[in-house]
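# Overview (structure and organization)
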Amino acid sequence: MVCSSASTVVLSRSILLGRHVWRRFFAMEAAATNNKRPLEEVEDESKRPRVEARVRRKKVALLMGYSGQGYFGMQRNHQMRTIEDELFKAMLKADFASQEECDFPHTLFFQRAARTDKNVSAAKQIVSLKLCTDPGVIEQLNSHLPPEIRAFGLKRVTKNFNSKGNCDARTYSYTFPTFALSPVGQEDESFRATPELLEKFAQTLKMYEGTKNFHNFTCKKTFVDPSSKRYIVKFECLKPYEKDGLEYIECQVKGQSFMMHQIRKMVALAIAVVKGIVEPDIVSKAYESNRLDLPMAPGLGLVLQEVHYDRYNRKFGKDGVHETLTWEAEEEAVQKFKEEFILPTIYEGERNGKSMMNWIVTLPLHTFDDKRNVKKDEEEEDGVSDE
């Protein structure tokens, strides 16, 4: 009796399963019949929908340069004209990225090595992203970029490469007329710096080298904030040269990283020391806990010169797949762009805009004292409130 019941259950299940299988078979047959098209339509290739081939993109390091005048920095800023905005527009026009990818750059794994401020230029900026690596990519990109922004080259990098995170150090330059170093009240465009004056300036710059607490050289940082400590590898000034009746000098600073306005405040304080407005020991005092009233030099002469990837190059540069990020082949194009777009902007700003001359007359107005003794309106003018 039990056996008969079990057999009946098995038979019932087999019948139900068979019905299910047949129903699926007839449904598939009906779908296939409905989807059949006439032979002539199938053979007409022109009527078939076109399917665009998917572009293969690789993780790359893109070398680019730009003149920052007229731009509100490198990083995209809502309703502001920035370098990244122009780059994404060019990528969209060249079909290197979709509108959605340009609106949300993280989908391209986009990252900049350095976030330059308003009006700050760059000779060698590096961005990492996923991009087509076919021949002619740089030329196509440049055809859609304004002339003051150029792409110089790209190199394949590891899939986890990050242009900011893998960066060991950055080198900036600051170029200005040497009359800024003259004694107070004797500023004149005919001024030429003496070897003694240049040596004093060079020694002052060296006081910034090493690991120091630079909370006084930026905004919204306190003495106890660990991120206020930065390591400066080297700070030096090059040989002065003449251009359009003015004598210029270029300073170069290499550091692991920099805070907002840090370099401009470092240069400004060094100029104040050389001019005799303050004693050299003010530099050491600036590393202490008190908040000082320090000036900030104009942004016109500041240029991102180079981004360094020494550790990455040692680890991956000779693995047979990836290249070192040193850009020797692009150096000539970089220097040409710098001479045609970056330096002329600095010279014109000094010759016609009197950038340094207008700022230097305000330098003695700063107290260089503990900001707790500075009036509130002076704090607001300097752009840094008491923290």
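Note that this is a predicted model, so its numbers are computed, not measured.

## A word on the layout of surface pockets
Which parts of space are left empty comes out when a probe the size of a water molecule is rolled across the atoms. Of the volumes computed, that of the largest pocket is approximately 470 Å³. Lining the largest pocket are 22 residues, and of these Ala 114, Arg 115, Tyr 172, Phe 258 and Met 259 lie nearest its centre. Among the elements that line the lining of the largest pocket, the one with the most residues is helix α7 (residues 262-274), at 3 residues. In the lining of the largest pocket, the residues fall into 9 nonpolar, 6 polar and 7 charged.

## A look at the nonpolar core
The biggest cluster of nonpolar side chains holds 103 residues, and the ones touching the most others in it are Met 91, Phe 176, Phe 201, Tyr 208 and Ile 271. Per element, the largest residue contribution to this core is 10 residues, and it comes from α7. For Phe 176, the residues in contact, after removing those within four places along its chain, are Leu 181, Phe 201, Glu 247, Tyr 248, Ile 249, Cys 251, Val 267, Ile 271 and Met 356.

## As for the side chain of Asp 85
In this fold, Asp 85 is placed in helix α3 (residues 83-93). Polar contacts involving the side chain of Asp 85 include one to the side chain of Arg 76, which spans 3.0 Å. Residues contacting Asp 85, with those up to four places away along its chain left out, are Arg 76, Asn 77 and Met 80.

## Topic: the packing of aromatic side chains
Taken as a whole and assessed by the stated rule, the structure comprises 16 aromatic pairs. Members of the aromatic cluster, each reached through a chain of ring pairs, are Tyr 208, Phe 214, Phe 217, Phe 235 and Tyr 287. Sitting over the ring of Trp 327, Lys 155 keeps its end group 4.8 Å from the ring centre.

## Points about the packing of helix α6 (residues 195-206) against α7
Where α6 meets α7, the axes come as close as 9 Å, and the angle between the chain directions of the two elements is 135 degrees. Overall, the two elements α6 and α7 adopt an arrangement that is oblique. In the packing of α6 onto α7, the handedness of the crossing is right-handed. Contacts between α6 and α7 involve Leu 197, Lys 200, Phe 201, Thr 204 and Leu 205 on the former and, on the latter, Ala 270, Ile 271, Val 273 and Val 274. Tallied by class, the residues present in the contact of α6 with α7 amount to 7 nonpolar, 1 polar and 1 charged.

Calculation notes
Residues numbered from 1 in each chain as written. Predicted model: local features only at pLDDT ≥ 70, side-chain atom pairs only at ≥ 80, totals over all residues. Heavy atoms only, no water. 1 Å grid on protein atoms, 1.4 Å probe; cavity = no way out; pocket = protein on both sides within 12 Å on 5 of 7 lines; lining within 4 Å. Points joined across faces, edges and corners; volume = space filled by probe spheres on them. Helix = DSSP H or I, 4+ residues; strand = E, 2+ residues; numbered from the N terminus. Nonpolar A, V, L, I, M, F, W, Y, C, P; charged D, E, K, R; others polar. Core = buried A, V, L, I, M, F, W, Y, C linked by side-chain atoms within 4.5 Å. Buried < 20%, exposed > 50% of the residue type's maximum accessible area, 1.4 Å probe, protein only. Contact = heavy atoms within 4.5 Å. Polar contact = N/O pair within 3.5 Å; in protein donor to acceptor, adjacent residues only side chain to side chain. Phe/Tyr/Trp six-rings, centres within 6.5 Å; stacked < 30°, edge-to-face > 60°. Lys NZ or Arg CZ within 6 Å of the ring centre and 35° of its normal. Axes fitted to C-alpha atoms, helices over the stretch in contact; angles between N-to-C directions. Parallel < 35°, antiparallel > 145°, perpendicular 65-115°, else oblique. Left-handed = near helix turned anticlockwise from the far one by under 90°.

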